Amino acid sequence: MTSEHLVVGGGIGGLATALAVARTGRPVRVLERAAEFGEVGAGIQLAPNATRVLDRLGVLDELREVGVLPRRLVLADAVAGHELTALDLTDFPGRYGAPYVVAHRTDVHRILLDACRAAGVALETGADVTDVRDTGGGVEVTCADGRVHRGAAAVGADGLRSRVRRQFSDDEPICSGYVAYRGAVPMDQVSRHADLRDVVAWVGPGLHLVQYPLRSGSMYNQVAVFRSDAYTRGEADWGTPAELTERFAVCCDHVRESTPLLGRDQRWPMYDREPIATWAKGRVALLGDAAHPMVQYLAQGACQALEDAAVLADALERDDVEPAFLAYQQDRAPRAARVQRTARTWGQIWHVDGVAKLLRDELFRQRGERDHTHVEWLYGPPPR
Ligand SMILES: Cc1cc2nc3c(=O)[nH]c(=O)nc-3n(C[C@H](O)[C@H](O)[C@H](O)COP(=O)(O)OP(=O)(O)OC[C@H]3O[C@@H](n4cnc5c(N)ncnc54)[C@H](O)[C@@H]3O)c2cc1C
């Protein structure tokens, strides 16, 4: 057996894990299926529960340089066009020990990749992992091209459609019937934008649009999401660009006139899965979307993967692989399950109509911008 720790998947979760484990002095190898390491050309929100981990990994300063520290998270009415409620982010470093940062995904991914290289992580692309086996005392990871890697432990960070997860559950991703269009464009192409100091989510019945600046304000990121009527009708081709235009036709001028800037050639149907309690068996563990895929309304999927990485590395520092993986699962699975469930509920709150909307708006009106009642558990350090 070699002492190498094998990470299947080189997304944000896999790279953060490789870096965190390498920082404990253990040899690490990342096996990525794609021909090149990379990420989608869109933005990502990183809350303090994630930026604390990035700080600990020594990459937060670099992220700050290429990211934006927004002033507020704002919820606005996508149809009526007015603000509903907001959360002040300016005191986050003092309150939560780290800032709320929005950044380009490719920047976050590149920063982690560079840090992995510098930490001596072995990085392999074109490695489509087909099998991960606990051999008793070690693991064996097989790739489609016949490559076999032996190591001390394997972490499945292979995303929503994880192959490694099949050892843990026979469940399938659950389609929400919602679809996302997203993209970041240079600011000089943008004629319509919200206040550039804020992250703004324009919410309406069965739809929303999120907008925020990236790369020190030189780019603008947009994500439009809607519930597809074609999906509900059972049509195979659902969530099309034509449906996007049609669904957003009810929105206020600002939202309607913002959507033409969204790329139309790619779309992301939105899936999650039910939480599972078992993420670790022997020397194999799940991490990130492979363990806890969630709908993105809380902007927490990658944040949770970063929390996973930190807890997993801490556990490996304290103990041998098998007890460490169990301790990681016990620590992380209940919290990630809560985030998965809350993300669904938050989506429902965003997308309601009728009387429920009236009640929601009234509750929003009553809260102040420094009311942390509903986010303290998520952004603050979890109780140990
Ligand atoms: C529209 C949208 C907006 C979002 N916004 C946010 C946000 O603002 N903040 C936030 O925290 N989260 C957000 N998320 C969620 C976030 O993107 C994911 O939770 C996160 O990227 C998951 O990272 P991961 O590394 O676990 O998985 P992935 O990013 O899916 O990476 C998995 C990697 O594994 C590789 N792989 C797959 N199978 C194999 C195999 N068999 N062998 C080898 N490699 C393999 C893949 O090629 C990929 O590189 C959003 C998601 C969506 C859809």
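The rules behind these values
- Residues numbered from 1 in each chain as written.
- Predicted model: local features only at pLDDT ≥ 70, side-chain atom pairs only at ≥ 80, totals over all residues.
- Heavy atoms only, no water.
- Helix = DSSP H or I, 4+ residues; strand = E, 2+ residues; numbered from the N terminus.
- Rg over C-alpha atoms; globule rule 2.2 N^0.38 Å.
- Buried < 20%, exposed > 50% of the residue type's maximum accessible area, 1.4 Å probe, protein only.
- Contact = heavy atoms within 4.5 Å.
- Areas by Shrake-Rupley, 256 points an atom, 1.4 Å probe, with all protein chains shown as cover.
- Lys, Arg positive; Asp, Glu negative; His and termini not counted.
- Charge placed at Lys NZ, Arg CZ, Asp CG, Glu CD.
- Phe/Tyr/Trp six-rings, centres within 6.5 Å; stacked < 30°, edge-to-face > 60°.
- Lys NZ or Arg CZ within 6 Å of the ring centre and 35° of its normal.
- Pairing = 2+ DSSP bridges.
- Axes fitted to C-alpha atoms, helices over the stretch in contact; angles between N-to-C directions.
- Parallel < 35°, antiparallel > 145°, perpendicular 65-115°, else oblique.
- Left-handed = near helix turned anticlockwise from the far one by under 90°.
- Near = heavy atom within 4 Å.
- Polar contact = N/O pair within 3.5 Å; in protein donor to acceptor, adjacent residues only side chain to side chain.
- Salt bridge = Lys/Arg side-chain N within 4 Å of Asp/Glu carboxyl O.
- Disulfide = S-S within 2.5 Å.

**Things to note about the overall build of the protein**
Next up, step 1: Scanning the protein from terminus to terminus reveals 12 helices and 18 strands.
Next up, step 2: Taking 384 residues into account, the globule formula puts the C-alpha radius of gyration at 21 Å, and the protein, at 21 Å, falls close to it.
Next up, step 3: Principal-axis analysis of the C-alpha atoms gives the protein an extent of 65 × 50 × 40 Å.
Next up, step 4: Counting only residues that meet the buried cut, the protein has 57% of its 384 residues in that class.
Next up, step 5: Long-range contacts, defined as pairs at least 24 residues apart, comprise 74% of the intrachain contacts of the protein with a sequence gap of at least 6.
Next up, step 6: Summed over its atoms, the accessible surface of the protein is roughly 15900 Å², and 50% of this surface lies on carbon and sulfur atoms.
Next up, step 7: Between the mean site of the 45 positive side-chain charges and the mean site of the 52 negative ones, the protein shows a separation of 1 Å.

**Regarding the packing of aromatic side chains**
Next up, step 1: Tallying each qualifying case throughout the model produces 13 aromatic pairs.
Next up, step 2: Ring geometry for Phe226 against Phe248: centres 6.4 Å apart, planes inclined by 85°, an arrangement best described as edge-to-face. Of this pair, Phe226 sits in strand 15 (residues 219–227) while Phe248 sits in the loop between helix 7 (241–247) and helix 8 (253–258), and the two are 22 residues apart along the sequence.
Next up, step 3: A relative accessible area of 0% places Phe226 in the buried class.
Next up, step 4: Counting every residue linked through ring pairs, the aromatic cluster contains Tyr178, Tyr297, Trp346, Trp350 and Phe364.
Next up, step 5: One cation-aromatic arrangement involves Lys281 over Phe168; the distance from NZ or CZ to the ring centre is 5.3 Å.
Next up, step 6: The ring centre of Trp377 lies 3.8 Å from the NZ or CZ of Arg338, which sits over that ring.

**Things to note about the sheet that holds strand 11 (residues 153–156)**
The pairing of strands in a sheet happens through backbone hydrogen bonds and is either parallel or antiparallel.
Next up, step 1: Across the sheet, six strands lie side by side as 7-2-1-11-18-17; this open sheet has mixed pairing. The open sheet has two edge strands with one neighbour each: strand 7 (122–124) and strand 17 (280–281).
Next up, step 2: In the sheet, strand 1 (residues 5–8) pairs with strand 2 (residues 28–31) via four bridges, with the strands oriented parallel. From the neighbouring strand, Leu6 faces strand 2, where its bridge partner is Arg29.

**Description of the packing of helix 9 (residues 301–318) against helix 10 (residues 321–351)**
Helix-helix packing is characterised by the crossing angle of the two axes and by the distance between the axes.
Next up, step 1: Relative to each other, helix 9 and helix 10 sit at 155°, their axes nearing to 8 Å. Classed by the angle they form, the pair helix 9 and helix 10 counts as roughly antiparallel. Crossing handedness for the pair helix 9 and helix 10: right-handed. Across from Gln304, Glu307, Asp308, Val311, Leu312, Ala315, Leu316 and Arg318 in helix 9, the residues of helix 10 making contact are Val321, Ala324, Phe325, Ala327, Tyr328, Asp331, Arg332, Arg335, Ala336 and Val339.

**A look at the site of the ligand**
Next up, step 1: In the vicinity of the ligand there are 30 residues, among which Gly13, Glu32, Gln45, Arg105 and Asp289 approach most closely.
Next up, step 2: Take Gln45: an N or O atom from its main chain is 2.9 Å from an oxygen atom of the ligand.
Next up, step 3: Protein chains shield 86% of the accessible area of the ligand, which is 1000 Å² for the free molecule.
Next up, step 4: Among the elements of the structure, helix 1 (12–22), strand 3 (43–46), strand 12 (174–186) and helix 9 are those that each provide at least two residues to the shell around the ligand.

**Section: the side chain of Arg332**
Next up, step 1: One can find Arg332 in helix 10.
Next up, step 2: Taking the relative accessible area as the measure of exposure, Arg332 reaches 1% and is therefore buried.

**Regarding the pattern of salt bridges**
A pair can form between side chains of opposite charge whenever their charged atoms are brought close.
Next up, step 1: Scanning the model with the defined rule gives 39 salt bridges in all.
Next up, step 2: Asp314 is paired through a salt bridge with Arg56; the nearest N and O atoms lie 2.8 Å apart. Remark: Arg56 occurs in helix 2 (residues 48–56) and Asp314 occurs in helix 9; sequence separation between them is 258 residues.
Next up, step 3: For Arg56, a relative accessible area of 46% translates into the label partly exposed.
Next up, step 4: Salt-bridge contacts for Asp114 lead to Arg117; the nearest nitrogen and oxygen are separated by 3.7 Å. With Asp114 and Arg117 both in helix 5 (residues 105–118) and three residues apart, this pair spans about one turn of that helix.

**A word on the state of the cysteines**
Next up, step 1: Counting across every chain of the model gives zero disulfides.
Next up, step 2: Residue Cys116 stays outside any disulfide, its sulfur separated by 18 Å from that of Cys143, the closest cysteine.
Next up, step 3: Judged by its relative accessible area of 0%, Cys116 is buried.

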